[in-house]
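Fold and geometry: a report
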There are 4 protein chains.
Amino acid sequence: MIITLKDKCPQQQIDHLTGWLERQGIGVHLSRGKFQTIIGLIGDVTRVDKDTLEGLDIVERVIRISEPFKSANRKFHPDDTVVGAGGARIGGGHFALIAGPCSVESPEQILEVARRVKAAGATMLRGGAFKPRTSPYDFQGLGKEGLDLLLLARQETGLPIVSEIMNSSQLPLFADVDVIQVGARNMQNFDLLRDLGKMRKPVLIKRGLANTVKELLMSAEYVMAGGNKEVILCERGIRTFETYTRNTLDISAIPVIKELSHLPVVADPSHACGAAKYVVPLALGAVAAGADGLMVEVHNNPANARCDGPQSLTPEQFDGLTDQVRRIREVVAP
Amino acid sequence: MIITLKDKCPQQQIDHLTGWLERQGIGVHLSRGKFQTIIGLIGDVTRVDKDTLEGLDIVERVIRISEPFKSANRKFHPDDTVVGAGGARIGGGHFALIAGPCSVESPEQILEVARRVKAAGATMLRGGAFKPRTSPYDFQGLGKEGLDLLLLARQETGLPIVSEIMNSSQLPLFADVDVIQVGARNMQNFDLLRDLGKMRKPVLIKRGLANTVKELLMSAEYVMAGGNKEVILCERGIRTFETYTRNTLDISAIPVIKELSHLPVVADPSHACGAAKYVVPLALGAVAAGADGLMVEVHNNPANARCDGPQSLTPEQFDGLTDQVRRIREVVAP
Amino acid sequence: MIITLKDKCPQQQIDHLTGWLERQGIGVHLSRGKFQTIIGLIGDVTRVDKDTLEGLDIVERVIRISEPFKSANRKFHPDDTVVGAGGARIGGGHFALIAGPCSVESPEQILEVARRVKAAGATMLRGGAFKPRTSPYDFQGLGKEGLDLLLLARQETGLPIVSEIMNSSQLPLFADVDVIQVGARNMQNFDLLRDLGKMRKPVLIKRGLANTVKELLMSAEYVMAGGNKEVILCERGIRTFETYTRNTLDISAIPVIKELSHLPVVADPSHACGAAKYVVPLALGAVAAGADGLMVEVHNNPANARCDGPQSLTPEQFDGLTDQVRRIREVVAP
Amino acid sequence: MIITLKDKCPQQQIDHLTGWLERQGIGVHLSRGKFQTIIGLIGDVTRVDKDTLEGLDIVERVIRISEPFKSANRKFHPDDTVVGAGGARIGGGHFALIAGPCSVESPEQILEVARRVKAAGATMLRGGAFKPRTSPYDFQGLGKEGLDLLLLARQETGLPIVSEIMNSSQLPLFADVDVIQVGARNMQNFDLLRDLGKMRKPVLIKRGLANTVKELLMSAEYVMAGGNKEVILCERGIRTFETYTRNTLDISAIPVIKELSHLPVVADPSHACGAAKYVVPLALGAVAAGADGLMVEVHNNPANARCDGPQSLTPEQFDGLTDQVRRIREVVAP
């Protein structure tokens, strides 16, 4: 961490600041220049509050050099984390193919989709029971009944299940769900993250539409600070000025996260682009860029889906995708 | 709402679609062109699900012409809504000056700030008891004790109080709070919005960093659909590529919201820019652009604030601001 | 194209508008609704000026349904365009591997890089002679001498050359250059585009940092409207709020462009991310997503490059990349 | 400038780097920490190439502390620059009200608009002769004839004129124009900027849609490095995800620029929002935020304007605006 001071600070105030820092066990190096005086902070500055420093009269700017996350930081945990969920594993060379409908709609629908994606090679089943919708007038999901149908599909196919939670009060309903998903809009719902940190169950956190990679890792840190180390990160598109696609899949986030953190990262091309016709190229792009998994929407009858139909692949399209995914994995992660 | 069809749709499928729409009471006008066939939907299409239509095989694109919000829409409620909170009013010509510290820290701090901002002309007192923080290692607020201190300050000064809720389970604690604030990160926490819709108490919704004005109005719609019509909107900066300011205050949102909706809109320049030195020009800019109020951070000792010190005005700076605000209001809202 | 009218327009003004449109040979369909009256325009509306219509008193909004580009539009030219440059070809199944240093620095440098990238399988050589630099104090390129060195390298290796032009006055210097590159900052330098439209020589247009895919295609249209049909498009990253990478490679632009247009599209991962460590995953991602080519910076001594060293691959790294590219092409374009 | 080094750098390489820097007259302070070693550079680092340093094997990151612009920097020139153009002045307390049509269309049009805006209090006349248009099929301006008409209007009204140049070859045509405008799309047309630096005539530079304030100041630096100190900066909206307005007026840029630089800054609300109905509130907002001037589109017959009609004020609307502007100036710049 580096502090740059304003012009012409009284020496006494500088001494006051450096003394206060040193009493917290932080090493301090002062460099005086003609145009700028800077203080370098050496040691563990994770808990130093940037805002407090910037509030001081003599401080111009505070720059973090080391990252503010610790548990999620590859610097302190060089080896890849492998998250286990049901029989599936993800990270450290294990690839997860998570597929299923946007919303669970009926027993017939979820069972058919589950069987089809399993046959094609999926390793986990996704399905929404509680749906965050921009409009209060849109379909909001089947709720608890949806979770029950997912459990039924798991029983039939053996696929571990992933479903989205919307707030902490729903936690008891998720007791049997294999991976709890935190949606993009909840990525900074810190109370929810803190509660998930108390569990011992994998959590998949989707990056918010306007959140940086650093903030995504800080959200993982919230869960991990509570003792739950089983975190999967998910890139699902960020908001930009481009309008041909719903959002912009930030494929660079994949190698960036893999460098900064030991946690597994998956891509969700379906929500990123919002159109089935672009899902396959984006999915393959994410795999080639090093993703540890994919999360893809598949529906047996997209035209009649109650939610996000336009972005769902048919089971036939998914068959084609899985074959190409397998072959690209052979090239990039032999 | 307008539907554009793909090339060469079978007439039978078009008839099927138009028939289905007409049975829902929606008027349909079909226009066939050489390159494009379009269907215009006439009537109340608020409840028509855009996604469902786009999922149909023959549909290329669906365009909403009328806005998807209804209760918040000025088209259906031409007169300005006036929200009353304690003795204060906002909207329809009533200007609200909401001021106070980022976090409530101690009885001395909140009482002193409350007295100072009241003397300067503030009409409401703000203060955070529950703080959403990006890092789990940062100060998270005093919680219930913070709310109690706000109530004490209200008793002392008579100022109605505004404070941020983080999830529905905290609702009982907010029984005596005059205005419940939904933070930017919670703008699309739909469960929370729905629960606030069941209350009969003003709600101030901050625009999310990556949310459009339309989405902000849809979030108001969530609250209003539950019967709670007392909604205040707040522009507090959006995320862009510019880094000199923390976020970019979208001042255009003020006239846009005032055109689209009858709800009052306030601006929060403090969070938008993140630096006290820019707060006054941005606050004056927002007032000149037609805002119904301001939400400004004021701290009696910014350099020692436990949170967001760098963006807080001193009481003296706030005195200067309120005088200029008053004079600009005379120009733009005589 | 669809025109929505304001409430309560006098019938006479509507008749005036529809009559004026019909006299231009455009079909008109009027739909009157309770809340909204819309006019659908049918026929070739490429030359209808959206701004003029929106300026009319009775018009609320004008929405383009068909794309405003014509020569670049796949709808009117379903087959892929194959651009030939020197012996190389790109598009329609032909993949271009364009590699070389950011700037041409010396005969030794450009010859060594050219030999190395050719041996690894590059099909074209890139190198900057005129460099657009944000700071007037930075190295601005060797100018004409740089172009001469590129021609020398072409003579030695047989690789066709690609180099960036900065304004029309430089055109005579580019007479022997195989592909003229228009940089991201010049994507909407319309005078330059118009002059390039008069040439009969391939033009590679880089997408601007804040330009939509539609604007990129409109810039291609400028060149093509002049009669020059040999246009290659290049996705090189857009500007977003994320700061770990210099820009955000918009990989979705690849399938979107391939759907909308028949022109070949390449990706430049080097400028997109600005860091050599991310170039390989992004390059592979772009190929898997369907790019017709790659443009990659390679330098024999990145640490001493005069420009953009941090994002250049070494020749050894490039060897590894080309092998993986070849194998991914076998999966996605067999 | 601060350099952070990678873990475990050999001391010899560090010595090599610090020695090299010192030989360039730059002071060096080395701070070794447990997790991080940093080098602080003290002195004039304007000409140190960040890219070169980042290309070194041992360097992790380079952070600029002082700004890379010098001539435009308030630190080195604390007093406001006052730019004189014809009889008008801008900066240092002088407010410029620049008004006129988007395009010059005819003698009648430009003369009438010039007379009307002069009567309302405008201090300069704007008008486009060369128009950058996204589509090659749109109206491109009257060219030289347009400039002649502007000169005629100046003769009639005495108003100095501002018009946009599109490339250096047009410079001779601008010999009699009072202020040469560089459009947003040309903000980083470095050759053009360099040529304008050789002139002794005011230059108004519009911020690009995706350009940071720092880049805008670097573009001013290009002009000033050539010896032309008469630069006016213009905020005209940046590109964001919001679609209700064409662009997002970044009002914060006004106080930010005034802090960083001594150059005058104006706002162009017309291009920022693209809709006449929002121009007045945004104009007033910009003035209240401290702008040194406004650039506003006014047309005597917006509905029949050949370009950007929807965003033009009528002369009557402009009359109302100027009165409010005057009164707000009295509040913020008494």
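Residues numbered from 1 in each chain as written. Chains lettered and ligands numbered in written order. Predicted model: local features only at pLDDT ≥ 70, side-chain atom pairs only at ≥ 80, totals over all residues. Heavy atoms only, no water.

Let us now look at the relation of the copies chain B and chain C. The transformation that overlays chain B on chain C combines an axial shift of 0.0 Å with a rotation of 180°, and the residual RMSD is 0.1 Å. Taken together, the rotation and translation describe the operation of a two-fold axis. No C-alpha of chain B lies nearer the rotation axis than that of B:Phe241, which sits 2.2 Å from it. Both copies present the same face, since 100% of the interface residues in chain B are matched by interface residues at the equivalent positions in chain C. (Least-squares fit on C-alpha atoms with pLDDT ≥ 70 in both. Contact = heavy atoms within 4.5 Å.)

Taken together, the contact pairs 44 residues of chain A with 45 residues of chain B. Buried surface at the junction of chain A and chain B, both sides included, amounts to about 3700 Å², of which 50% is carbon and sulfur. Remark: the boundary between chain A and chain B carries two salt bridges. Seen at the junction of chain A and chain B, the total is 14 residue pairs in polar contact (both at pLDDT 80 or more). Looking at the side of chain A that touches chain B, the elements that each hand over two or more residues are α2 (50–54), α5 (190–197) and α6 (213–225) of chain A. When its residues are assigned to classes, the side of chain A that touches chain B shows 15 nonpolar, 14 polar and 15 charged. (Buried area = accessible area lost by both parts, 1.4 Å probe. Salt bridge = Lys/Arg side-chain N within 4 Å of Asp/Glu carboxyl O. Polar contact = N/O pair within 3.5 Å; in protein donor to acceptor, adjacent residues only side chain to side chain. Helix = DSSP H or I, 4+ residues; strand = E, 2+ residues; numbered from the N terminus. Nonpolar A, V, L, I, M, F, W, Y, C, P; charged D, E, K, R; others polar.)

The next thing to look at is helix α1 (residues 11–23) of chain C. Residues and elements named next belong to chain C. Between its first and last C-alpha atoms α1 spans 18 Å; for 13 residues at 1.5 Å apiece the expected length is 18 Å, and the two agree. Inspection of α1 places Ile14, Leu17, Thr18, Gly19 and Leu21 among the buried residues, and these make up the whole buried set. Just past α1, the residue Gly25 takes up positive phi, approximately 85°. (Expected span 1.5 Å × (residues − 1). Buried < 20%, exposed > 50% of the residue type's maximum accessible area, 1.4 Å probe, protein only.)

This part is about the relation of the copies chain A and chain B. For the pair chain A and chain B, the best superposition has an RMSD of 0.1 Å and corresponds to a rotation of 180° with a translation of 0.0 Å parallel to the axis. Most of the interface of chain A is mirrored in chain B, where 100% of its interface residues are also at the interface.

Our next topic: the sheet that holds strand β7 (residues 96–100) of chain B. Residues and elements named next belong to chain B. An order of β7-β8-β9-β10-β11-β12-β13-β14 is seen for the eight strands of this closed barrel, with the pairing classed as parallel. Averaged over all neighbouring strand pairs, the angle between strand axes comes to 30°, with direction disregarded. Sheet analysis places strand β12 (residues 231–235) next to strand β13 (residues 265–267), joined by three bridges and oriented parallel. Across the sheet, the residue bridging to Glu235 is Ala267, located in β13. Contacts between helix α7 (residues 253–260) and the sheet are confined to β12 and β13, with β13 contributing the most and set at about 170° to the helix. (Pairing = 2+ DSSP bridges. Axes fitted to C-alpha atoms, helices over the stretch in contact; angles between N-to-C directions.)

With that settled, the discussion passes to the pairing of strand β12 (residues 231–235) of chain D. Residue and element names in this part refer to chain D. Extensive coverage of β12 is indicated by the burial of five of its five residues. Across the two faces of β12 the burial is the same, with Val231, Leu233 and Glu235 and Ile232 and Cys234 all buried. Pairing analysis gives four bridges linking strand β11 (residues 203–206) to β12, with the strands arranged parallel. Among the inter-strand pairings, Ile205 is bridged to a residue of β12, identified as Leu233. Where the polypeptide runs from β11 across helix α6 (residues 213–225) and back to β12, its parallel neighbour, the crossover connection is right-handed. (Right-handed = clockwise from strand over helix to strand, strands pointing away.)

Now for the interface of chain B and chain C. Contacts between the two partners involve 23 residues from chain B, matched on the other side by 23 residues from chain C. Both sides of the chain B and chain C interface together cover about 2000 Å² of buried area, and 69% of this is carbon and sulfur. The interface formed by chain B and chain C contains zero salt bridges. Across the chain B-chain C interface, the total number found is zero residue pairs in polar contact (both at pLDDT 80 or more). Of all the elements in the fold, those that place two or more residues in the side of chain B that touches chain C are β1 (2–5), β2 (27–32), β3 (37–42) and β4 (59–63) of chain B.

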